[in-house]
Amino acid sequence: MKPRRLVRALLLLSVLLGAFLLAGCQRGGELPWKLTNVSGHMPDLDFKLVDDHGKPVSGADYRGKVVLMYFGYTHCPDVCPLTLAQLHVVMQRLGPLADDARILFVSVDPARDTPEVMHAYVNAFDPRAVGLSGEPRALEALSKRYRSAYTREPDKGDGQYEVSHSSAIYLFDRDGKARLLSTAADAQDDLVHDLHLLLDTGAKP
Amino acid sequence: MNARFALLMTGLLCAGAAMAGDADRVAASHGWIRVMPGALPAGGYVVLENHGDRAVSLSAASSPAYAEVMLHKSSTDTGMGRMEKVDALSIPAHGKAALSPGGYHLMLMKAAAPVKVGDKVRVTLRFADGSTLDTEFEAKPANTVDGGDMSQMHHH
């Protein structure tokens, strides 16, 4: 009776230990992200647009870099500059690591955002920011690809108009895989933390 | 002639009375403008303190440096960045209201001459009773993050 009990106890213990180790393994395989993890739920970085030097570019041109993609427009005087100014602070906090990251500022206002306007705009914020504009259809395709949305609001009468747009920041690893989503509600420390993970390891699965 | 004179005087007196209204109870501080490249619209921010016993309402603003100044409010509710024109911003009695990035702000458009970083720009704030307050906004670089905003961003 007694030895059988001991065997059962040992068996139970080993099962529990196994379960524990398995759980440990699963945790170890997934990096401790703080932002919303979208790995495997969003397509790889892919587009055909024009950069702020007027050069045609595609998603493949940014392989090897960690990408922070944000949709906005240059006539946006408040939220877009605030977000880009905050991203500039994030880049500064990353130090030399930030050289391996790029902020892709994608225009949702192709009618007004020419490469020249975009160039002056992004460079007012950070040297590692790139302004992307292009054909309305290509911009729409990119926005749809990431379930982002934008709406041109009615003209105010003098040709001035606003564009409402998704405010999320999409993070891609060096292989162009969509990894994380950052919103205005996330703390800057969390963004810096997760960018360290993406930049240190390359986050290769 | 006399009637016209009287009318003119009444007008001046009214203007004088309006000047000594809500604006007298409000103190403006930390005014700044986010300078954008080219002719792009800029955001203007300021902290308003009401020392009076009743709420005061900011209804408009103007500046000799810009052809158009509008009171706006940004929001990022539901994940969409939006901006809308607002008619007024209320400053509670013995309280504060801030025009700050991501919320209420002035949208300054069509600069008379390029505004440069370091410039001091005069902005006249107008209150619901018609009284006005002259303030000075400092032109700051595009990538400025507001001091108050930074403290909100860091959760240590």
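- The name recorded for chain B in an unreviewed UniProt entry is Copper(I)-binding protein, from Dyella marensis.

- Named according to an unreviewed UniProt entry, chain A is Protein SCO1/2 originating from Dyella marensis.
- Comment text from UniProt for chain A, heading Sequence similarities (unreviewed entry), reads "Belongs to the SCO1/2 family."

1. As for the sheet that holds strand β6 (residues 129-132) of chain A
Here comes step 1: Spatially, six strands are ordered β1-β10-β9-β4-β5-β6 (chain A) in an open sheet, and the strand pairing comes out mixed. Edge positions in the open sheet fall to β1 (36-37) and β6 of chain A, since each of these has one partner strand only.

2. Description of the interface of chain A and chain B
Here comes step 1: Tallying the contact residues gives 32 residues for chain A and 36 residues for chain B.
Here comes step 2: When chain A packs against chain B, close to 2,700 Å² is buried across both sides, 63% of that on carbon and sulfur atoms.
Here comes step 3: Taken as a group, P77, D78 and L82 of chain A account for 22% of the area that chain A buries against chain B, more than any other trio of residues on that side.
Here comes step 4: The tally of links from chain A across to chain B stands at zero salt bridges.
Here comes step 5: Only α2 (79-94), α3 (115-123), β8 (163-166) and α5 (188-201) of chain A provide two or more residues apiece to the side of chain A that touches chain B.
Here comes step 6: A total of eight residues in the side of chain A that touches chain B trace back to one element, the largest contributor, which is α2 of chain A.
Here comes step 7: A breakdown of the residues in the side of chain A that touches chain B according to their chemical character gives 15 nonpolar, 11 polar and six charged.
Here comes step 8: Of the pairings in the sheet, the one linking β8 of chain A to strand β5 (residues 80-85) of chain B comprises two bridges and is antiparallel in character. By the bridge assignment for β5 of chain B, H165 of chain A is matched with G81 of chain B.

How each quantity is defined
- Residues numbered from 1 in each chain as written.
- Chains lettered and ligands numbered in written order.
- Predicted model: local features only at pLDDT ≥ 70, side-chain atom pairs only at ≥ 80, totals over all residues.
- Heavy atoms only, no water.
- UniProt positions renumbered as here; feature names shortened; annotations may be inferred.
- Pairing = 2+ DSSP bridges.
- Helix = DSSP H or I, 4+ residues; strand = E, 2+ residues; numbered from the N terminus.
- Contact = heavy atoms within 4.5 Å.
- Buried area = accessible area lost by both parts, 1.4 Å probe.
- Salt bridge = Lys/Arg side-chain N within 4 Å of Asp/Glu carboxyl O.
- Nonpolar A, V, L, I, M, F, W, Y, C, P; charged D, E, K, R; others polar.

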